[in-house]
Amino acid sequence: MTLEEIRGQENSMANTDRVQSAGAALEELLVAAKKQEYLTVGVYESAKVMNVDPDSVAFCVLATDEEYECDIALQIHFTLIQAFCFDNDINVVRVNDIERLADLVGADGTGEPKDAHCILVTSPSANPWKDPALDKLGLFCEESRSVYDWVPTITLPER
């Protein structure tokens, strides 16, 4: 085994730990933001918030699974949302477990699961909300961008 192979294995293990830690931080952030009513759930609802008050958006989560990977309209929405986030210095991540995300953000008033394809964590401009999990995720996104991973994928912890 060469030195490069050993370093590659070490980096792979460190990256796995980093992604798992980010997954736990994301879950913690979503639960805390839901309690504070700082979540906007749904592609169209998120677009409205971004259009009306972009300064209130603190973090963006885009979610899909195999069923929706070929949905061209959804992919176009994701591209536009990502571009908006990049232009406004909003950290954005992807999650491949939309069912788990839907469980975390709950159901709408009718009891139907919410459209969890896009979730925004917002913070009122007058009273900015600070959360340690938001700081951890910001650092995770910054580290990911430093290795040219512009929209990192996070795996949520299993339940």
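Residues numbered from 1 in each chain as written. Predicted model: local features only at pLDDT ≥ 70, side-chain atom pairs only at ≥ 80, totals over all residues. Heavy atoms only, no water.

Labelled according to an unreviewed UniProt entry, the chain appears under the name Growth arrest and DNA damage-inducible protein GADD45 gamma, originating from Scophthalmus maximus. The UniProt entry for the chain carries the following comment under Function (unreviewed entry): "Involved in the regulation of growth and apoptosis. Mediates activation of stress-responsive MTK1/MEKK4 MAPKKK." We quote the UniProt Sequence similarities (unreviewed entry) comment for the chain here in full: "Belongs to the GADD45 family." (UniProt positions renumbered as here; feature names shortened; annotations may be inferred.)

Q: Honestly, the nonpolar core in this entry has me stumped. Any pointers?
A: Looking at soluble globular proteins, one finds that nonpolar side chains tend to be buried together. Counting residues in each nonpolar core, the largest one holds 30 residues, and the members touching the most others are Leu26, Phe59, Leu101 and Ile119. The biggest single contributor to this core is helix α1 (residues 3–36), with 6 residues. Aside from chain neighbours lying at most four places away, what touches Leu101 is Leu30, Val61, Ala63, Val95, Ala116, Ile119 and Leu156. By size, the runner-up hydrophobic cluster in this structure holds 14 residues, among which are Leu74, Phe78, Val92 and Val151. (Core = buried A, V, L, I, M, F, W, Y, C linked by side-chain atoms within 4.5 Å. Buried < 20%, exposed > 50% of the residue type's maximum accessible area, 1.4 Å probe, protein only. Helix = DSSP H or I, 4+ residues; strand = E, 2+ residues; numbered from the N terminus. Contact = heavy atoms within 4.5 Å.)

Q: Got a minute to help me understand the layout of surface pockets in this structure?
A: Over the atoms rolls a probe the size of a water molecule, and in doing so it shows where empty space is left. There is about 160 Å³ of room inside the largest pocket. Along its surface, the largest pocket is lined by Val95, Asn96, Asp97, Arg100, Thr153, Ile154, Thr155, Leu156, Pro157, Glu158 and Arg159. Residues of the lining of the largest pocket, tallied by class, amount to 4 nonpolar, 3 polar and 4 charged. (1 Å grid on protein atoms, 1.4 Å probe; cavity = no way out; pocket = protein on both sides within 12 Å on 5 of 7 lines; lining within 4 Å. Points joined across faces, edges and corners; volume = space filled by probe spheres on them. Nonpolar A, V, L, I, M, F, W, Y, C, P; charged D, E, K, R; others polar.)

Q: Help me understand the packing of aromatic side chains in this model?
A: Where two aromatic rings form a pair, the distance of their centres and the angle of their planes describe that pair. Counted by the stated rule, this structure contains 1 aromatic pair. Seen from their ring centres, Tyr148 and Trp150 are 6.2 Å apart, and the 65° between their planes marks the pair as edge-to-face. (Phe/Tyr/Trp six-rings, centres within 6.5 Å; stacked < 30°, edge-to-face > 60°.)

Q: Explanation requested: the sheet that holds strand β5 (residues 153–154) in the structure shown.
A: One open sheet holds the 5 strands; their spatial order is β1-β4-β2-β3-β5, and the pairing between them is mixed. Looking at strand neighbours, the two that pair on one side only are β1 (39–41) and β5, the edges of this open sheet. Note: strand β2 (residues 57–63) against strand β4 (residues 118–122), 5 bridges, orientation antiparallel. The residue of β4 that forms the bridge with Val61 is Ile119. Along the sheet, helix α3 (residues 72–87) contacts β2, β3 (91–95) and β4; its crossing angle with β2, the most-contacted strand, is approximately 155°. The sheet strands contacting helix α4 (residues 98–105) are β1, β2, β3 and β4, and the helix crosses β2 at an angle near 140°. (Pairing = 2+ DSSP bridges. Axes fitted to C-alpha atoms, helices over the stretch in contact; angles between N-to-C directions.)

Q: When you look at the side chain of Asn91 in this model, what are you seeing that I'm missing?
A: With respect to the helices and strands, Asn91 occurs in strand β3. The class for Asn91 is buried, based on a relative accessible area of 16%. Within the local environment of Asn91, its side chain forms a polar contact with the side chain of Arg145, the two groups lying 2.9 Å apart. When residues no more than four places from it in sequence are discounted, the contact partners of Asn91 are Phe59, Cys60, Gly138, Cys141 and Arg145. (Polar contact = N/O pair within 3.5 Å; in protein donor to acceptor, adjacent residues only side chain to side chain.)

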